[in-house]
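This is what each chain is made of:
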Amino acid sequence: MTDYGHTLSFGLSLDPEVDRLGETMRLAAAADEYELDYLAVQDHAYQPGHLDAWTLITHLATRTRHVSFLTDVADLQLRPPAMLAKAAASLGVLAGGRTVLGVGGGAFADAIAGMGGKRRSGGEMVAYTEESLHVMRAALGGGGVRLLSEQHAIEGYAAGPVPPAPIPLWLGSQGPKMLGVTGRAADGWISPLNIYVPPGEVPAKQKIIDEAALAAGRDPLDIRRIYNVIGTIGDVRGGPGLAGNVRLWTDTLTGWAVELGFDTFIFWPVADHRVQFDVFAAEVVPAVRQRVGQIRGRR
């Protein structure tokens, strides 16, 4: 059993499809009213029907007051780390610190190259990602940033502005090498969707992160654990992922928190997005918070 003891948080994944902008705006407003923790936006800029993730997030930030924004995850191959840190710091200033920077190495090399990005894979992508995390951490703290390596040519960047609150760096990772990077250099692990990383595979991945953290002199307890969860709540039929009533969702997410070690759940509704979200925010979230609190209180 693994429970890292972090306060639970919950989020909603927003669809960046331009044709669904009206629904996305309404869902963002609802999440803000519920005072949900996060609104997450995926970053696949090479998709012609997708709005740019940072532009969409900035637009939504001006129309919300409480909820924070998470890139889930920003593509490091198309967004150089110093510039990405600049964008995140700027949004942190403009949105009162409501920013979490989720990043990934970039999984679709052909699409990335099609937009003019460098085609990286394997060890090269891992090295680029790890160095990028160090660049972003230094840049978000302000001051000078310089890195000349096989992967980066940053000759001297006077970083700023410094955001009003520290911006966490969460890394989306799945393979053992990138999980090792998570343990060594990231503030959190963003797991891919539960249909791609099923619960049975999670303990082994958590172990890789923890061992890498310890080897780097870090405390594994300092690393957040985020699960993207796709599914349906209630009587909606069909679709992938977790499907069932509020009790099943409550039992399942509670187990994933206290047994698998996740502290943050990002909900990806399959159908009837607003109806599904209302049930998630109004019923599932408070029930899971209560259950996990009771379990922790008995330990």
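Let me begin by describing the structure that accompanies this report. Quick caveat, the model's predicted, so the values are computed rather than measured.

## Re the pattern of salt bridges
Enumeration according to the criterion identifies 17 salt bridges in this entry. As a salt-bridge pair, R79 and D52 come within 2.7 Å of each other at their nearest N and O atoms. A residue pair is termed long-range when its members are at least 10 positions apart, and R79 in the loop between β4 (74-75) and α3 (81-94) and D52 in the loop between β2 (38-41) and α2 (53-61) qualify at 27 residues. Residue R224 is joined to D263 by a salt bridge in which the shortest nitrogen-to-oxygen separation is 2.7 Å.

## Some details on helix α1 (residues 21-34)
In this model α1 runs 20 Å from its N-terminal to its C-terminal C-alpha over 14 residues, within 8% of the 20 Å that 1.5 Å per residue would give. Taken together, the buried positions of α1 are T24, L27, A28, A30, A31 and D32. Where the residues of α1 are buried, they touch β1 (9-14), β2, α2 and α9 (273-298). With its phi angle positive at about 55 degrees, E35 sits one or two positions after the end of α1.

## Thoughts on α2
Along α2, the positions that sit buried rather than exposed are A53, W54, L56, I57, L60 and A61. Summarising the axial view, the buried residues of α2 lie within an arc of 160 degrees, below the 170-degree limit, and thus occupy one face. At its buried positions, α2 is contacted by β1, α1, β2, β3 (68-71), α3 and β5 (99-104). Where α2 begins, the capping side chain belongs to D52, and its oxygen is found 3.3 Å from the backbone nitrogen of W54.

Calculation notes
Residues numbered from 1 in each chain as written. Predicted model: local features only at pLDDT ≥ 70, side-chain atom pairs only at ≥ 80, totals over all residues. Heavy atoms only, no water. Salt bridge = Lys/Arg side-chain N within 4 Å of Asp/Glu carboxyl O. Helix = DSSP H or I, 4+ residues; strand = E, 2+ residues; numbered from the N terminus. Expected span 1.5 Å × (residues − 1). Buried < 20%, exposed > 50% of the residue type's maximum accessible area, 1.4 Å probe, protein only. Contact = heavy atoms within 4.5 Å. Arc of directions from axis to C-beta. Polar contact = N/O pair within 3.5 Å; in protein donor to acceptor, adjacent residues only side chain to side chain.

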